[in-house]
Amino acid sequence: MFENIYGLSCIENQVLAQLKLQGMNISALYGASNIDLGKLFYQMVVKGEKPECFSAAPKIQDVLKELGVISLQLKTDTNIISVFDMISNEKKLIKVKPDFVKSKLYARGLRSDHYVLVEKTDDEYKLFNDIPETMITVKESELQNIYDGNYFLLKILRDLPDNDSSCSFKKDKDKYNYKMTFPILPEILEQINDIGVKVRNFFWIYKILLYRLTEYCSPSLSAEVINEKRNMADNMFARSEYLNLKKSTDIIKYCDLINEAYRAKNEIISTLNGRSA
Amino acid sequence: MINERVDNIITEVSPIGGELNEKSKLKKDLGIDSLKLVEMLIALEEEFSIEFTLSDLDVNKFAVVNDVYKLISKYVR
């Protein structure tokens, strides 16, 4: 259900999964959320934006709402069971309590809030979690206990034709050719407090955006290049978390990681430019 | 003995606490994702008083428990 789904939040993951289940080409949407790496560095490292507040790339659900493809409404009700009795034609994405997230879903994202898709079957409720992908069945009383006060109602309103979501890399080529202020110099990082957590957050977003970029551009990239770049992004994220947890103050190591990220993304762009020229 | 100490660390870090043997899959069987993997490696550093290099952190090389044994055997004899 969540294969090739690269959301920046659980809501994005759930929305994308529903579109994919309807047979829509979701990889086309990833192009709209690509951003310049210099901007990402500024937002996450210099400004220290938290991952849950990340706003440099448009939220996919907002893009879809603007296109009229979905409706997505945040609701607050104390009795979640009655929502299932009253509303049957919309998907329910329910906020669940942190204890349940940790002890039953084993989910450990960087955000504090978490939503799951819930479907009613007879007198039971099936909970579908995105990462890790799991399905848990609960009774009515348990659902009410783990419910954390609000939920989204999601409805798919129409199909997503390819011409809505700008699929051609060639058309978007200029968007990827920003002048970036790289390589990042140690002097810049030396002025930043809590560098470990900020660089880790940078790589969390970078990893997902790079996965999206490779998915979006997959018709133009070989599977080998895609795997190589994704592995590289996985490792850079892990290394940044390692430096963060070790409370490393070695600025050169942080610099090297960020500049490696820049090179990796540039290589993808160069490959694409070469093929689309 | 060394592998037992590794097992103890993996068990501590695993959020699922599933059955553990050398073929257990870190992610699928034990719930150890990339963030948990890093946490596990740091715990192993402390347990064995060693320090890994950044190049050891190749997440794709850690599929099963035996991959962790192999890394530790590079540092501890």
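From a predicted model like this one, the values you see are computed outputs, not experimental measurements.

**Some remarks on the packing of helix α1 (residues 2–13) of chain B against helix α2 (residues 34–48) of chain B**
Helix-helix packing is characterised by the crossing angle of the two axes and by the distance between the axes. Residues and elements named next belong to chain B. One can describe the packing of α1 onto α2 by two numbers: an axis separation of 10 Å at closest approach and a directional angle of 140 degrees. The orientation of α1 relative to α2 falls into the category oblique. Crossing of α1 against α2: the hand is right-handed. Judged by residue contacts, Arg-5, Val-6, Ile-9, Ile-10, Glu-12 and Val-13 of α1 engage Lys-36, Glu-39, Met-40, Ala-43, Leu-44 and Glu-47 from α2. The residue inventory of the contact of α1 with α2, partitioned by class, reads 7 nonpolar, no polar and 5 charged.

**Concerning the interface of chain A and chain B**
With 14 residues of chain A in contact, the opposing surface of chain B contributes 15 residues. Here the side of chain A that touches chain B gets 9 residues from one element, more than from any other, and that element is helix α11 (residues 223–245) of chain A. The class makeup of the residues in the side of chain A that touches chain B is 6 nonpolar, 2 polar and 6 charged.

**A closer look at the sheet that holds strand β5 (residues 134–139) of chain A**
All names here are of chain A. On the basis of which strands lie adjacent, the open sheet formed by 6 strands has the order β1-β6-β2-β3-β4-β5 and antiparallel pairing. Two strands in the sheet have a free side with no partner beyond their single neighbour: β1 (70–76) and β5. Neighbour-to-neighbour, the strand axes of this sheet turn through a mean angle of 30 degrees, independent of strand direction. The pairing of strand β2 (residues 91–96) with strand β3 (residues 115–121) spans 4 bridges and is antiparallel. Bridge pairing in β3 places Lys-92 opposite Val-118. Each of β1, β2, β3 and β6 (147–156) touches helix α1 (residues 10–21); the most contacted strand, β6, lies at about 30 degrees to it.

**Let's talk about the domain arrangement of chain A**
All names here are of chain A. Along its sequence, chain A is carved into domain 1 (10–67 + 160–276) and domain 2 (70–156). In this assembly, 15 residues from domain 1 lie in contact with 14 residues from domain 2. Elements represented by at least two residues in the side of domain 1 that touches domain 2 include exactly α1, α4 (60–67) and α10 (195–216). Within the side of domain 1 that touches domain 2, the residues separate by chemical class into 7 nonpolar, 6 polar and 2 charged.

**Some thoughts on unusual backbone geometry**
Here the residue pair A:Ile131 and A:Pro132 is connected by a cis peptide bond, since its omega of -10 degrees sits within 30 degrees of zero. Note on placement: A:Pro132 falls in the loop between β4 (124–129) and β5. A positive phi angle, near 55 degrees, is found at A:Asp122, a position not held by glycine. Within the element layout of this structure, A:Asp122 appears in the loop between β3 and β4. Judged by local crowding, A:Asp122 falls into the exposed class, with 5 C-beta atoms found within 10 Å. The phi dihedral of B:Ser49 is positive, around 50 degrees, even though this residue is not glycine.

**Some words on the nonpolar core**
Residues and elements named next belong to chain A. Membership of the largest hydrophobic core comes to 90 residues, with the highest contact counts inside it found for Ile-94, Phe-202, Ile-205 and Tyr-206. Looking at this core, the element that brings in the most residues is α10, giving 12 residues. Both domain 1 (10–67 + 160–276) and domain 2 (70–156) contribute no fewer than three residues apiece to this core. Sequence-distant contacts of Phe-202, defined by excluding residues within four places in its chain, comprise Leu-40, Phe-41, Met-44 and Val-45.

**Concerning the environment of A:Leu185**
All names here are of chain A. Among the structural elements, Leu-185 can be located in the loop between α8 (169–172) and α9 (186–190). When the 12 C-beta atoms within 10 Å are taken as the criterion, Leu-185 is described as exposed. Between the C-alpha atom of Leu-185 and that of Ile-251, which follows or precedes it by 66 residues, the distance is 9.4 Å.

Analysis parameters
Residues numbered from 1 in each chain as written. Chains lettered and ligands numbered in written order. Predicted model: local features only at pLDDT ≥ 70, side-chain atom pairs only at ≥ 80, totals over all residues. Axes fitted to C-alpha atoms, helices over the stretch in contact; angles between N-to-C directions. Helix = DSSP H or I, 4+ residues; strand = E, 2+ residues; numbered from the N terminus. Parallel < 35°, antiparallel > 145°, perpendicular 65-115°, else oblique. Left-handed = near helix turned anticlockwise from the far one by under 90°. Contact = placed C-beta atoms within 7 Å. Nonpolar A, V, L, I, M, F, W, Y, C, P; charged D, E, K, R; others polar. Pairing = 2+ DSSP bridges. Domains from an automatic or database assignment. Buried ≥ 20, exposed ≤ 12 C-beta atoms within 10 Å, placed from the backbone. Core = buried A, V, L, I, M, F, W, Y, C linked by C-beta atoms within 7 Å.

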